[in-house]
Amino acid sequence: MFQKAREKMQQAGIEQWTLTYPNYEILAADIKTGSMFVIQNEAKQIAGFVVLDNKSSAEYHQQPWQENKSVLFIHRVVVSPDFQGQGVATQLIQHCEAIARTQKIKAIHSSTHFRNIPMQYVFLKNDYSQVSAFIMQDRPNIGEFFAYEKLIDY
């Protein structure tokens, strides 16, 4: 599923995920640490997954967030191409928000590539604010990323 989603992104000119990021080791670590959440349809087919944790890249520390202390981070939102356009990404994002509320977290931060219009739409549709644009130091040649933040009400 992940490889198909990466290929579809590349075909659309979205260079957010390269051949080296994210890789098998990163995804395996997400599973091992319990930070990957999977969504299935009624037939138990995996429709997508998201990673929610308290880890961020160095670039995140330089962004003008409203909340910097009580934060969780959304990474690697993946929706199977077979389920895209069916609200799966929104369900994944809303699940992350529910976890944040349970943990009394004040904000969620994330980012997406400037060409990833579908993910930008998901963030804006779910009331995330775009706070800045930046370059990922480990992927400097693929263009800007937009940083998003949502303050969590509970």
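Everything below is about the structure printed above this text.
A. Local environment of the overall build of the protein. The secondary structure content of the protein amounts to four helices and six strands. The order of helices and strands in the protein, counted from the N terminus, is α-α-β-β-β-α-β-α-β-β. Against the 2.2 N^0.38 benchmark of 15 Å for 154 residues, the protein shows a C-alpha radius of gyration of 15 Å, consistent with a compact globule. Based on the C-alpha atoms only, the size of the protein along its principal axes is roughly 40 × 35 × 30 Å.

B. Looking closely at the pairing of strand β1 (residues 36-40). In this sheet, strand β2 (residues 46-53) lies alongside β1 in antiparallel orientation, the contact comprising five bridges. Paired with Gln40 across the two strands is Ile46, which belongs to β2. Here β1 hands over to β2 after five residues, with Lys44 in that stretch at a positive phi of 70 degrees.

C. Local environment of the packing of aromatic side chains. One pass over the full model with this rule turns up seven aromatic pairs. With centroids separated by 6.2 Å and ring planes inclined at 25 degrees, the aromatic side chains of Phe134 and Phe145 adopt a geometry described as stacked. With Phe134 in strand β5 (residues 129-135) and Phe145 in strand β6 (residues 144-151), this residue pair connects regions lying 11 residues apart in the sequence. A relative accessible area of 7% places Phe134 in the buried class. Accessibility expressed as a relative area gives 1% for Phe145, which makes it buried.

D. Layout of the nonpolar core. Counting residues in each nonpolar core, the largest one holds 25 residues, and the members touching the most others are Ile74, Val77, Val88, Leu92, Ile93, Ile108 and Tyr128. Broken down by element, the residue count for this core peaks at seven residues, all from helix α3 (residues 88-102). With near-sequence residues (within four places) excluded, Tyr128 lies in contact with Ile74, Ile93, Glu97, Ile108, Phe123, Tyr148, Glu149 and Lys150. Within the second largest apolar cluster, 11 residues are counted, among which are Phe2, Ala5, Trp17 and Val51.

E. Highlighting the pattern of salt bridges. Counted according to the given criterion, the structure contains four salt bridges. Between Glu97 and Arg101 there is a salt bridge whose closest N-O contact spans 3.9 Å. Highlighted residues: Glu97 and Arg101, both in helix α3, separated by four residues, approximately one helical turn. By relative accessible area, Arg101 is classed as partly exposed at 32%. For the salt bridge of Arg139 with Asp138, the shortest nitrogen-to-oxygen distance reads 3.5 Å. Taking the relative accessible area as the measure of exposure, Asp138 reaches 54% and is therefore exposed. Because the salt bridges share partners, they merge into one network encompassing Glu97, Arg101 and Lys150.

The rules behind the values
Residues numbered from 1 in each chain as written. Predicted model: local features only at pLDDT ≥ 70, side-chain atom pairs only at ≥ 80, totals over all residues. Heavy atoms only, no water. Helix = DSSP H or I, 4+ residues; strand = E, 2+ residues; numbered from the N terminus. Rg over C-alpha atoms; globule rule 2.2 N^0.38 Å. Pairing = 2+ DSSP bridges. Phe/Tyr/Trp six-rings, centres within 6.5 Å; stacked < 30°, edge-to-face > 60°. Buried < 20%, exposed > 50% of the residue type's maximum accessible area, 1.4 Å probe, protein only. Core = buried A, V, L, I, M, F, W, Y, C linked by side-chain atoms within 4.5 Å. Contact = heavy atoms within 4.5 Å. Salt bridge = Lys/Arg side-chain N within 4 Å of Asp/Glu carboxyl O.

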